[in-house]
Amino acid sequence: MKKIYYLPIVVLLLVMSIKNADARAFDLPALPYAANALEPVISEQTIQLHHGKHLRAYVTNLNNLIVGTKFENLSLEEIIKQSDGAIFNNAAQLWNHTLYFALLSPKGGGEPKGKLADAIQSTWGSFENFKKDFNALAVAQFGSGWAWLVKDASGKLSIVKTNNADNPLTKGLTAILAVDVWEHAYYLDYQNRRPDYLSELWKIINWDEASKRY
Ligand SMILES: [Fe+2]
């Protein structure tokens, strides 16, 4: 008789384990370089905190928040487009940081090539003007946020800034460059000198990756 009582519990546990195996769990994206590879522009300590602590927390929070919700099995992009509040903040920060770290490289710097270089030239007149405008907008972002080089549906380039976790995906724009201007991105290395962080950052921008996105 006892076996009959156990059977529903065994079935329930089996169903729960299958459901759990199907559920989405986002992973911490691997850094495409060593934590000290971006020195002296960004220190190993900053990368370890930024990637290993801040980004990891966004991933953990997101995975915990979506359990049992309609977002559980959606792609990251769909979660960002359909959510708000804490789920949006953590999902968007995962997406934003994945781009940010991918768009930096110890072999980066210099100037873009090919079609992206042509488009920057025709929009801003020169690469130097583009950098000047980008830095000015990134400095002007009040508090935490991001600065982006984006492309609209017609292919037109522009520079935009967003607050907190907000990003161009929600506005139907394609992100070509993503620059984190939250203090956690630079405070250990540059303290309150955001303009210094921004002017140094051009030395490690991965233009090959940016061109692929354009
Ligand atoms: Fe960040």
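Look up: the structure comes first, before these words.
Rules of the game
Residues numbered from 1 in each chain as written. Predicted model: local features only at pLDDT ≥ 70, side-chain atom pairs only at ≥ 80, totals over all residues. Heavy atoms only, no water. Pairing = 2+ DSSP bridges. Helix = DSSP H or I, 4+ residues; strand = E, 2+ residues; numbered from the N terminus. Axes fitted to C-alpha atoms, helices over the stretch in contact; angles between N-to-C directions. Contact = heavy atoms within 4.5 Å. Buried < 20%, exposed > 50% of the residue type's maximum accessible area, 1.4 Å probe, protein only. Arc of directions from axis to C-beta.

1. Quick look at the sheet that holds strand β1 (residues 145–151)
Within a sheet, neighbouring strands are paired by backbone hydrogen bonds and run either parallel or antiparallel to one another.
Point 1. Pairing in this open sheet of three strands is antiparallel, and the strands run β2-β1-β3 from one edge to the other. Every other strand in the sheet has two partners, leaving β2 (157–163) and β3 (174–180) as the edge strands with one partner each. Geometrically, the sheet is characterised by an average inter-axis angle of 25 degrees between neighbouring strands, direction not taken into account.
Point 2. Relative to β3, β1 runs antiparallel, the two being bridged by six bridges. Bridging from a neighbouring strand, Ala147 pairs with Val179 of β3.
Point 3. Packing of helix α6 (residues 127–140) onto the sheet brings it into contact with β1, β2 and β3, and relative to β2 it is tilted by some 15 degrees.

2. Observations concerning helix α5 (residues 114–124)
The α-helix winds at 3.6 residues per turn, so residues separated by three or four positions along the chain end up facing the same way.
Point 1. Taken together, the buried positions of α5 are occupied by Leu116, Ala119, Ile120 and Trp124. Viewed end-on, α5 has its buried residues packed into an arc of 100 degrees, placing them on one side of the element. Facing away from the buried side of α5 by over 90 degrees, the exposed positions are Lys115, Asp118 and Ser122.
Point 2. For α5, the secondary structure elements touched by its buried residues are α6, β1, β2, β3 and α9 (207–213).

By themselves, these observations are geometric and do not establish any function.
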